[in-house]
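Take a look at the letters that make up each chain.
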Amino acid sequence: MKVAVVGSGYVGTTIAACFADLGHDVTAIDIDEGIVEGLNEGRASIHEPGLDDLLAEHAGGRLRATTDYDAITDCEVTFLALPTPSREDGSIDASIIETGARSVGEALAGTSEEHLIVVKSTVIPGTTEERLVPAIEEGAGERVGDRIRVGMNPEFLREGTAVTDFLDPDKVVLGADDDWGHGRLRAVFEPLIERADPAVIETEIREAEMIKYANNAFLASKISLINEIGNVCKEFGVDAYRIADAIGLDDRIEASFLRSGVGWGGSCFPKDVDALRAAAREAGYEPELLDAVVGVNDRQPDRMLALLERHVDPAGKRIAVLGLAFKPGTDDVRNSRAIPAIEGLERRGADVVAYDPVATERMRELFPDVEYAESAAAALDGAHGVLVVTDWDEFAALDDEFGTMEEPVVIDGRRIVEPREGITYEGLTW
């Protein structure tokens, strides 16, 4: 099929490359000429394992990029993968995707072929119907539901494993309000369904919109719950990981997302949980449990700092922060737990030195005055303490490097460092 993808961020670039790998003829559309040029040359603007290989294979062939929305007229399906950032109150700002929807409508104005516009971005239930459909109709000058239809296909891509998550999914959710929409969506995903045999859920559009929020809210809640249990375990001198191993054997609980630590971040969990809380309040419901989920997560970096202060006063001391990306395998620092950790160290007057394998430049934009080391060893050299915030594999291999510290105080937020003689080791929840 001929597929267009509007937006070339983390989600848009990944799905464009993966659709091409499934055999579709894909046109990526973005207003950033630099991103478009990079895609046409087989380069991604983001760090995502496996993505560069797909782009190198398909760019210039089944995958092309352009800034011209009129390229949509040659396609059968258009996916909207545009940002829906958070406002200060946590609600989503749908203005960018609304503008994109209007531009798609304008491109389709005057054409005669049937076309399906699929919302891939995460939006609160009702957004497609109440905000995006009117924008499409304004641009196209005709009613949605006749020649032009809409659908919803939420993404469940984890940064660092996004390509694998797309090509080998647990489930594919196809949201549409009529059989034609479901049929065209299924046709797009048929090569994936044949290859990976995922569960296929056909729903109405509002249900598809809500599934993504429910999915992320549940996972965020599970992480905050195991962190709360881990905090209690720490007070009793109990190894929270051994507890998690035991309870994870109960198939009602299941073992994934039971590694307690410094908390969750990234572009999805914080934004989606906040948006769901804001939407619930607007609808008249107080989401007390989700408020607690966020509260536990917000406190975890402060607990790291409190553990550090048990052993060293950070004021005027060189304190290393290892790991700046919100998770390994990505250079994304959005809502990274390293951000409040660094802010807390700076408030305490510490001399912060930070290191990450790939995310240094992105964090430098937020903290230009922090010293950034070329390696973990260089960050540890002469440090009076270290906070381990991201569980990159290379941190597990550190050994003699701790011997170069002025005071080898290691506060491990991810259980990645092996306790050993010669260091003062504190796990966050164990």
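To keep things clear, this report deals only with the structure shown in the data block. The shown structure was predicted, so the numbers you read here are calculated from the model rather than taken from an experiment.

1. Observations regarding the pattern of salt bridges
Here is step 1 of the chain: Following the criterion strictly, the structure yields 34 salt bridges and no others.
Here is step 2 of the chain: Of the charged contacts in the structure, one is a salt bridge between Glu426 and Lys234, with a shortest N-O distance of 2.6 Å. With Glu426 in strand E14 (residues 424–427) and Lys234 in helix H8 (residues 205–236), this residue pair connects regions lying 192 residues apart in the sequence. A single burial state applies to Glu426 and to Lys234, both of which are buried.

2. Things to note about the packing of H8 against helix H9 (residues 240–247)
Here is step 1 of the chain: Between H8 and H9, the shortest axis-to-axis distance is 9 Å and the interhelical angle comes to 130°. Accordingly, the angle class assigned to the pair H8 and H9 is oblique. For the pair H8 and H9, the crossing hand works out as right-handed. Taken together, the residues of H9 that come into contact with H8 (itself represented by Ile226, Gly230 and Cys233) are Ala240, Ile243, Ala244 and Ile247.
Here is step 2 of the chain: Taken together, the residues of the contact of H8 with H9 break down into 6 nonpolar, 1 polar and no charged.

3. Describing unusual backbone geometry
Most peptide bonds take the trans form, and the phi angle of most residues other than glycine is negative.
Here is step 1 of the chain: The phi dihedral of Asp197 falls on the positive side, at around 50°, and the residue is not glycine.
Here is step 2 of the chain: For Asp197, the position within the fold is in the loop between helix H7 (179–196) and strand E8 (199–203).

4. A word on the pairing of strand E12 (residues 385–388)
Here is step 1 of the chain: Burial along E12 is two-sided: Gly385 and Leu387 facing one way and Val386 and Val388 facing the other are all buried.
Here is step 2 of the chain: Across 4 bridges, the pairing between strand E9 (residues 318–322) and E12 is parallel. Bridge pairing in E12 links Ile319 to Gly385.
Here is step 3 of the chain: Looking at chain direction, E12 and strand E13 (residues 409–412) are connected through 3 bridges and run parallel. Within E13, the residue paired with Val386 across the bridge is Val410.

5. Details of the environment of Arg147
Here is step 1 of the chain: Its location among the elements puts Arg147 in the loop between helix H5 (127–140) and strand E6 (148–152).
Here is step 2 of the chain: Excluding its chain neighbours within four sequence positions, the residues that come into contact with Arg147 are Leu108, Thr111, Ser112, Glu113, Glu114, His115 and Glu142.
Here is step 3 of the chain: In terms of polar contacts, Arg147 uses its side chain to reach the backbone carbonyl oxygen of Leu108, at 3.0 Å.

6. Looking at the sheet that holds strand E2 (residues 25–29)
Whenever strands of a sheet pair, they do so through backbone hydrogen bonds, lying parallel or antiparallel.
Here is step 1 of the chain: What the 8 strands build is an open sheet, ordered E3-E2-E1-E4-E5-E6-E7-E8; its pairing is mixed. Two strands lie at the open edges of the sheet, namely strand E3 (63–66) and E8, each paired on one side alone. Strand after strand, the sheet turns through a mean of 25° between neighbouring axes, direction not considered.
Here is step 2 of the chain: Where strand E1 (residues 2–6) lies against strand E4 (residues 77–80), 4 bridges are found, and the strand directions are parallel. Note that in E4 the partner of Val6 across the bridge is Leu80.
Here is step 3 of the chain: Sheet strands touched by H5: strand E5 (115–119) and E6. Its angle to E6, the strand with the most contacts, is close to 150°.

7. Some remarks on the sheet that holds E9
Here is step 1 of the chain: Ordered in space as E11-E10-E9-E12-E13-E14, the 6 strands form an open sheet in which the pairing is parallel. Of all strands in the sheet, those with a lone pairing partner are strand E11 (371–372) and E14, marking the two edges.
Here is step 2 of the chain: Across the face of the sheet, helix H12 (residues 338–347) comes into contact with E9, strand E10 (351–355) and E12 while running at roughly 175° to E9.

8. What about the side chain of Asn297?
Here is step 1 of the chain: Mapped onto the secondary structure, Asn297 falls in helix H11 (residues 288–309).
Here is step 2 of the chain: A distance of 2.7 Å separates the side chain of Asn297 from the backbone nitrogen of Trp264, its partner in a polar contact.
Here is step 3 of the chain: With sequence-adjacent residues up to four places away left out, Asn297 is seen in contact with Ser224, Val262, Gly263, Trp264 and Arg337.

9. Focus on helix H2 (residues 33–40)
Here is step 1 of the chain: Along H2, the residues classified as buried are Val36, Gly38 and Leu39. Buried residues of H2, viewed axially, fall in a sector of 165°; they line one side.
Here is step 2 of the chain: Measuring from the backbone nitrogen of Gly34 back to the side-chain oxygen at the start of H2 gives 2.8 Å, which picks out Asp32 as the cap.

Thresholds, definitions, all that
- Residues numbered from 1 in each chain as written.
- Predicted model: local features only at pLDDT ≥ 70, side-chain atom pairs only at ≥ 80, totals over all residues.
- Heavy atoms only, no water.
- Salt bridge = Lys/Arg side-chain N within 4 Å of Asp/Glu carboxyl O.
- Helix = DSSP H or I, 4+ residues; strand = E, 2+ residues; numbered from the N terminus.
- Buried < 20%, exposed > 50% of the residue type's maximum accessible area, 1.4 Å probe, protein only.
- Axes fitted to C-alpha atoms, helices over the stretch in contact; angles between N-to-C directions.
- Parallel < 35°, antiparallel > 145°, perpendicular 65-115°, else oblique.
- Left-handed = near helix turned anticlockwise from the far one by under 90°.
- Contact = heavy atoms within 4.5 Å.
- Nonpolar A, V, L, I, M, F, W, Y, C, P; charged D, E, K, R; others polar.
- Pairing = 2+ DSSP bridges.
- Polar contact = N/O pair within 3.5 Å; in protein donor to acceptor, adjacent residues only side chain to side chain.
- Arc of directions from axis to C-beta.

By themselves, these figures tell us nothing about what the structure is for.
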